[in-house]
Each structure stands twice: as structure tokens, then as C-alpha cells.
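Spelled out from the first residue to the last, the chains are:
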Amino acid sequence: MRVTAKELARRLNLSETAVSMALNNKAGVSRETKERVIKEAEKLGYDFSRLSMKKNHAGMIYCIIWRAHNAILNYTPIFSELTDGITEECRKHEYRLRTIQIYEKTNDFQRTMEDLRLSDCAGIILLGTEITAEICREFLTLSVPIVLLDTYFEALECSSVLINNTQGAYLATDYLIDRTQSQPGYLKSSYRIENFEERSTGFIKAVHEHGMSTAKSIRHELAPSIDGAFSDMLEIIDRGDDIARCYFADNDLIAIGAIRAFKLRGYKIPDDVAIIGFDNISEDKIVEPSLTTIDIPRKFMGQTAVKQLLEQIANPVSHTVKVEVATRLIKRFSA
């Protein structure tokens, strides 16, 4: 006769409720407890086919979008492609999905955490573009499978799916140097996130591999939005700062704003100043000239994050992974 959940509870000196939560992979018990229960259940031949989770996917997947400064996430088309991929993959595997946005400065974070602990949460996709390691660590205390999307923290035991930012910035900078045969400049976001730091690493790598010194690269700090970058770039031009022959920009919004400023002041793009962005947003095709950029397969990233999460739900004792999604250069007419 196969062991029952009640017998498992007695053997492990746990409550029947705790054993049920562990077997159904629900919040409320620690990861260690879940692993103990699963291990003992497998050892004693527990009939996992009884679990509703195995048949009907009991529990819901939560997509949580963390917003801090909102300087980056306020451009919604980029992140709607990520969530489209998440939605499609959840539907494919017959999981219910709920999306929550948490605003760091206005929402009651602890109240949200308590709600999650009491919910039927089976796992979380945490969109962490603006998140910190400290906040991510708080989510990990929920003891449910979590996949961090669009960022990574070395010190945390959490699976991640993210862009290969370094590779993308390297491709862009290498192309700029080959096209213009000149020292590239950098249009740097005034609001810093980990993605931009990694892009800076790719820029530096390409400059060094061409035998150049990054100390000679002209850098301008611009707001990470079209209007903000336009105003900041106009001020830089008007006060007579040195201008580079070509620039890599942290994102497309900065690149488009800078292009508008240069054109207003009589510069020809790309003859006088060449510019490459990063993100491949829809506006890139309609700006004049169209923007050379780095493309990110955002829908694929969302799908991949769900696949990683489902693997963790199915196998609670699996190791964490870091999945970096490669980018590609889109050649248009700004560089």
C-alpha cells in the first residue's frame, strides 16, 4: 500500500497542512521543507498522480513588474512584448496568469508580500529591470519558484533570463568603429540600471579591441527618454562641448532624442554624426534617418522565463540557471 499524505506528516513530524502545501508546491512552507517532503514521498512511493497540480495545474503563475524610478519602464511597448511571451507560454501549458505592478514609492510592499503568501501562487516571473538585489531577496523568502527576468544578481540563488547586453553593445560599437574609422562616443543614461552597466562593458571591450583608449571617448549623460535626451543634447551642443564623430547610445529613446537635437542644430546624420541605439523599438523605423540599433527577442525572453519557471515547479530541487539571450545588429541609416 502506497504512503498517504497523512502518513508522510506523521513520519516527518509535520502538520498535514504543511505536507499538503509542500506536495502541491504552494507558498507557506520553506524550500527545505518542500525538498524533505518530496524526497520522503518519492522514497516511500507516494502516488503523485493524485495531486490536482499534476492534472489541472492548481495554483497561479504571477508576473510581477517591479517599478522603482519608472524612468525605464514608462516605455510600455518594450515590456508588453515580454509579457506577451509570458502570457502565450502560460496559456500553452494551461496555467492561469496574474500580472501585478508594484510601485516602490507608492505601494505597500509588505502588504503585497503577505497577500502572495496567502495566495495560490505556484511560481513567480519577476520583471526586475529596475529592481535591487535587496528587494529580490525579499521575494525569495516566499519559498516559491521564482525566475528573475531582465536582470541578474551574482549573490542571489535565483534563476534568471536576461539580454546579453555586453554582446549587443560590443556589436554596435564594433560596427560604428568599422564604419566611421573614428573614436566612438557614448550617450549614457543619467538613470543607471544593471542593463546599462553591462552595455558599458561591451562598449569598452570593443574600443579596446580596436586599439583605442576609452579615456578618449567623449561621453554625454542624457535622460533616458526622447524628450529628455533631446533637451539635454541641445544644451550640450549649445554650450560648445566637444562632439564625437559617432556615438553608441544606452537605448533607442536616448538615440532618437539626440538625433533630433543634432538635426535641429544643422548636423547631418550619419555624415557628420553617426548614432546607434539599443532595443529596436517601433519608432526606429520612422525617425529620419531610420535608426541602426540592437534587436532584442523580447517575446522569446518571456517564453523562456516561463519554461524555466515550469521546470522549477516540476523539479523543486533543481539548480538555478542563468540564461543569456543573444542580440543582433539591425542596420539602417543612422550609422
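Residues numbered from 1 in each chain as written. Predicted model: local features only at pLDDT ≥ 70, side-chain atom pairs only at ≥ 80, totals over all residues. Heavy atoms only, no water.

Draft legend 1. Layout of unusual backbone geometry. With an omega of 10°, the peptide bond running from I269 to P270 counts as cis. The omega angle of the peptide bond from E288 to P289 is -5°, so this bond is cis rather than trans. Structurally, P289 is set in the loop between β9 (274-276) and β10 (293-295). With a phi close to 60°, N13 is a non-glycine residue in the positive phi region. For N13, the location among the structural elements is in the loop between α1 (5-12) and α2 (16-23). (Helix = DSSP H or I, 4+ residues; strand = E, 2+ residues; numbered from the N terminus.)

Draft legend 2. Structural context of the packing of aromatic side chains. Per the stated rule, a full pass over the model turns up 9 aromatic pairs. Look at W66 and F139: their rings are 6.4 Å apart centre to centre, the planes differ by 85°, and that puts the pair in the edge-to-face class. Taken as a pair, W66 in strand β1 (residues 60-67) and F139 in helix α7 (residues 133-140) lie far apart in primary sequence, 73 residues in all. Across this residue pair, the class does not change: W66 and F139 are buried. Through pairs of rings, three or more aromatic residues link up here, namely Y186, F203, F248 and F278. Positioned above the aromatic ring of Y170 is the side chain of K205, whose terminal nitrogen or guanidinium carbon lies 5.5 Å from the ring centre. Positioned over the ring face of Y152 is K322, at 4.2 Å from the centre of the ring. (Phe/Tyr/Trp six-rings, centres within 6.5 Å; stacked < 30°, edge-to-face > 60°. Buried < 20%, exposed > 50% of the residue type's maximum accessible area, 1.4 Å probe, protein only. Lys NZ or Arg CZ within 6 Å of the ring centre and 35° of its normal.)

Draft legend 3. Main features of the sheet that holds strand β6 (residues 184-189). Spatially, β7-β6-β8-β9 is the arrangement adopted by the 4 strands of the open sheet, whose pairing is parallel. The two strands at the open ends of the sheet, each matched to only one other strand, are β7 (219-222) and β9. Neighbour-to-neighbour, the strand axes of the sheet open up by a mean angle of 25°, direction not taken into account. Looking at chain direction, strand β8 (residues 246-249) and β9 are connected through 3 bridges and run parallel. When the bridges of β9 are listed, C246 appears paired with A274. Along the sheet, helix α8 (residues 165-180) makes contact with β6, β8 and β9, crossing β8 at roughly 170°. (Pairing = 2+ DSSP bridges. Axes fitted to C-alpha atoms, helices over the stretch in contact; angles between N-to-C directions. Contact = heavy atoms within 4.5 Å.)

Draft legend 4. Structural view of helix α3 (residues 31-43). Over its 13 residues, α3 runs 18 Å from end to end, which matches the ideal 18 Å to within 8%, given 1.5 Å per residue. Buried positions along α3 lie against α1 and α2. (Expected span 1.5 Å × (residues − 1).)

Draft legend 5. Up close: the side chain of T292. Structurally, T292 can be placed in the loop between β9 and β10. With a relative accessible area of 0%, T292 lands in the buried category. In contact with T292, not counting residues within four places along its chain, are Y175, I275, I276, G277, L329, I330, K331, R332, F333, S334 and A335.

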